[in-house]
Amino acid sequence: MKRTAAQLADGREIIYFDHDDAPARELHDPRRLDPVSTASQMRHDPVLDEWVMLASHRQNRTYRPATNDCPLCPSRGGRQTEIPSPDYDVAVFENRFPSLSMHASGGATPDLPPLVDSAPAVGRCEVVCFTSDHDAAFATLKPEHARLVVDAWADRTAALAALPGVAQVFCFENRGAAIGVTLEHPHGQIYAYPFVTPRTRQMLGNAVAHASRTGRNLFADVLAGERATGARVVASSSLWTAFVPAAARWPVEVHLYPHRQVPDIPSLTEDERDDFVHLYLNVLGRLDALYDQPLPYVAAWHQAPSGPGREQAYLHLQVTSIQRSADKLKYLAGSEAAMGAFVTDVLPEDVAKRLRDATS
């Protein structure tokens, strides 16, 4: 893998991840850009004990541009984009409209009640362009190209986790207009949070309690149970298993676990990365075949925090979709949105069988 770093016109970093035989990339960005906003702040909700990020400048971010105005395509024909080179394999750059910034100043804070703390939203947000092909998707990538994306995730996870103040690194992909995606070019994002996220805190708290009771790892036991029954397994390989969890919340939900407990993507071996790519592409093909159309989804990597909790963490990928039928979406209404209590319209076992039967 070739790794080439440069700076965009406003000082943001861009990194090209290319196959070894790729040509040199264009590093100069000739655009004139306004400075990136540093007004991101966060406020602590004392009732839920959660941090909320405030980034009002994101209201002005690019919204569903025409294909010929896509900012994630290469710079060609005199049109300059976020990626100066006329071609690339995988490109990662700092978000122009970040929710988190290493230079965050916090912005204005009006009178807040005594129980509500505020702080600059220090961290980093990056965009991961999976390919220069605007009409592609992760599911259509060749295995060797998808492996390059995995290596880019690993590189960025290690680098971002080492930044001062970063507590957790989150790699994810939002796919499809139904999910709220504003740029159609195949891409994902990475957030480097200054706090451990609520979902991770809850999972690791439960893992600690499980270990105290049983002496075993919670996630490993969940994986072993699903592999033993097989009722909800969608696909498996020598080193990974993909399954629909028994208490799935979403109409379509698949978790991919390595058979070996590791805390994060950088900890995966070469063989585990290769094996993941083949299984993940298989699963994505099945998801798109489910309704014979591209499935909108969120693909979320659950990685260990940078500090305490790594000993119980277990890397896994969670893919969820709000598509409950070919022409219907699952909306989070009263019970889910207000109470966090999910009601699902489908049985996980039925979803798993339909995915097993789908042609990937």
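Since this is a predicted model, take the numbers as computed values, not measurements. (Residues numbered from 1 in each chain as written. Predicted model: local features only at pLDDT ≥ 70, side-chain atom pairs only at ≥ 80, totals over all residues. Heavy atoms only, no water.)

## Focus: the nonpolar core
Rule in force here: Buried residues of nine kinds, namely Ala, Val, Leu, Ile, Met, Phe, Trp, Tyr and Cys, make up a nonpolar core once their side-chain atoms join them within 4.5 Å. Each residue gets one of three labels from its accessible area relative to the maximum for its type: buried under 20%, exposed over 50%, partly exposed in between, using a 1.4 Å probe on protein chains only. Each helix corresponds to a stretch of at least 4 residues labelled H or I by DSSP, and each strand to a stretch of at least 2 residues labelled E; elements are numbered beginning at the N terminus. The contact rule is simple, with two residues in contact once any of their heavy atoms fall within 4.5 Å.
Counting 53 residues, the largest nonpolar core has Phe-138, Trp-153, Leu-256, Phe-276 and Tyr-280 as the members making the most contacts within it. The biggest single contributor to this core is helix H4 (residues 270-290), with nine residues. When near neighbours in sequence (up to four residues on either side) are disregarded, Tyr-280 contacts Phe-138, Glu-173, Leu-256, Tyr-297, Ala-299, Leu-317 and Val-319. Grouped together as the second largest cluster of nonpolar side chains are 14 residues, Tyr-16, Cys-73, Ile-83 and Leu-183 included.

## Digging into the pairing of strand E13 (residues 297-302)
The following threshold applies: In short, DSSP must find at least two bridges between two strands for them to pair.
Extensive coverage of E13 is indicated by the burial of five of its six residues. Where E13 and strand E14 (residues 316-321) come together, five bridges link them in antiparallel fashion. Bridge assignment links Ala-300 to a residue of E14, and that residue is Gln-318.

## Re the sheet that holds strand E3 (residues 41-45)
As a reminder of what qualifies: To get an axis, a line is fitted to the C-alpha atoms, and for a helix only the part in contact is used. The angle between two axes follows their N-to-C directions and goes from 0 to 180 degrees.
If you trace the three strands from one edge of the open sheet to the other, you get E4-E3-E6, paired in antiparallel fashion. The open sheet has two edge strands, strand E4 (50-54) and strand E6 (118-120), and neither has a second partner. Strand after strand, the sheet turns through a mean of 30 degrees between neighbouring axes, direction not considered. The sheet contact formed by E3 and E6 spans three bridges and is antiparallel. In the strand pairing of E6, Arg-43 is matched with Ser-118.

## What to know about the environment of Phe-97
Inspection of the secondary structure assignment puts Phe-97 in the loop between strand E5 (90-94) and E6. Separated by 25 residues in sequence, Phe-97 and Leu-72 have C-alpha atoms that sit 14 Å apart. The contacts of Phe-97, once residues within four sequence positions are left out, are His-57, Arg-58, Asn-60, Arg-61 and Thr-62.

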